[in-house]
Amino acid sequence: MKEYLIFQTVFYQKEKQNILQNQNAVLVKQVDEQTQELKNEKQKTENLLLNILPQEVADELKDKGSSEAKYYDEVSVLFTDFVSFTQNSEKMGAEKMLKELNDCFTAFDMIMEKHGLEKIKTIGDAYMAVCGLPHQNPNHAYQTVSAALDITEFIENRKKYNPDTLDIRIGVNSGALIAGIVGVKKFAYDIWGDTVNTAARMEQNSQKGKLNISGSTYNLVKDSFIFEQRGKVEVKGKGALEMYFVSK
């Protein structure tokens, strides 16, 4: 009887130990799963943040909770705009036009990534990007012009099989600007300065299917592309500015 009681005690202790081990294994598994879920969610959050901000700005925002605007003295800014967008929107309808914009802007995003430009934003049918920040890049003008020419090539190729493809104008200017985050809610990374305004004027004074660049950009890439000198063109609010059409 004594031996049986000892055996029973040992048996129950082992059973208890097995139950505890199993419970521990289940808890460890649950913790691991929850940890992995947290890592996955954190990665999703970081990926979303990087879709809005450059890596360095996102890191600064996470570390400090804020990010200071910075001055960049050598960058190139690209603007695109679709010709007769309002009239074409009325003909095509909102849904069809939205799909066309999405297809084109998605392609532009890939072109920016290929050439090392930072997309800033889209405003209606306009697209803006910059090269030379947050890291200095001595080839900023060349890479920006190359990206712009890729956009014109994409549009021309798209027109061959899609009759709804819109014609595009592009402008590029090089110089200095300020870049940073605006506001505290639904914040956006943006750029400011005369360089940005002049890039917009280059686009507005371009022509259908053309890339129009300023004199400052021309001086940085004049040995790398083929140009059509336009001379000085009168620009509202800025006087006469030197402009050039560019082709490969």
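Description of the structure in this document. Quantities reported herein were computed from a predicted structural model and do not represent experimental measurements.

1. Here's the deal with the pattern of salt bridges
Moving on, step 1. Going through the model one piece at a time under the given rule, you end up with 13 salt bridges.
Moving on, step 2. For Lys-114, the salt bridge is made with Asp-150, and the minimal N-O distance between the two is 3.0 Å. Of this pair, Lys-114 sits in helix H4 (residues 94–115) while Asp-150 sits in helix H5 (residues 140–159), and the two are 36 residues apart along the sequence.
Moving on, step 3. Across the pair Asp-194 and Lys-238 runs a salt bridge, and its minimum N-O distance is 2.5 Å. Of this pair, Asp-194 sits in helix H6 (residues 194–204) while Lys-238 sits in the loop between strand E7 (226–235) and strand E8 (239–247); the two residues are 44 residues apart in sequence, bridging distant segments of the chain.
Moving on, step 4. When its relative accessible area of 49% is taken as the criterion, Asp-194 is described as partly exposed.

2. A look at unusual backbone geometry
Moving on, step 1. For the bond running from Leu-133 to Pro-134, omega is 0°, close enough to zero to count as cis.
Moving on, step 2. With respect to the secondary-structure elements, Pro-134 resides in the loop between strand E3 (126–131) and H5.
Moving on, step 3. Positive phi is not limited to glycine here, since Ser-84 has a value of about 55°.
Moving on, step 4. As for its position among the elements, Ser-84 is in the loop between strand E1 (70–82) and helix H3 (85–92).

3. Considerations on the packing of aromatic side chains
Moving on, step 1. Enumeration over the complete set of coordinates arrives at ten aromatic pairs.
Moving on, step 2. Seen from their ring centres, Phe-105 and Phe-108 are 5.8 Å apart, and the 55° between their planes marks the pair as tilted. Note that Phe-105 and Phe-108 are positioned in helix H4 at a spacing of three residues, about one turn of the helix. Both residues of the pair, Phe-105 and Phe-108, count as buried.
Moving on, step 3. Through a chain of ring-to-ring contacts, the aromatic side chains of Phe-82, Phe-105, Phe-108, Tyr-127 and Phe-154 assemble into a single cluster.
Moving on, step 4. One Lys or Arg, Lys-210, reaches over the ring of Phe-245 and ends 5.1 Å from the middle of that ring.

4. Some thoughts on the environment of Asp-109
Moving on, step 1. Position of Asp-109 among the secondary structure elements: in helix H4.
Moving on, step 2. With a relative accessible area of 30%, Asp-109 lands in the partly exposed category.
Moving on, step 3. The spacing of Asp-109 and Lys-119 is ten residues in sequence and 7.1 Å in space, taken between C-alpha atoms.
Moving on, step 4. Residues contacting Asp-109, with those up to four places away along its chain left out, are Lys-119 and Tyr-127.
Moving on, step 5. At 3.2 Å, the side chain of Asp-109 and the side chain of Lys-119 are in polar contact.

What counts and what doesn't
Residues numbered from 1 in each chain as written. Predicted model: local features only at pLDDT ≥ 70, side-chain atom pairs only at ≥ 80, totals over all residues. Heavy atoms only, no water. Salt bridge = Lys/Arg side-chain N within 4 Å of Asp/Glu carboxyl O. Helix = DSSP H or I, 4+ residues; strand = E, 2+ residues; numbered from the N terminus. Buried < 20%, exposed > 50% of the residue type's maximum accessible area, 1.4 Å probe, protein only. Phe/Tyr/Trp six-rings, centres within 6.5 Å; stacked < 30°, edge-to-face > 60°. Lys NZ or Arg CZ within 6 Å of the ring centre and 35° of its normal. Contact = heavy atoms within 4.5 Å. Polar contact = N/O pair within 3.5 Å; in protein donor to acceptor, adjacent residues only side chain to side chain.

Taken by themselves, the reported measurements are silent on function.
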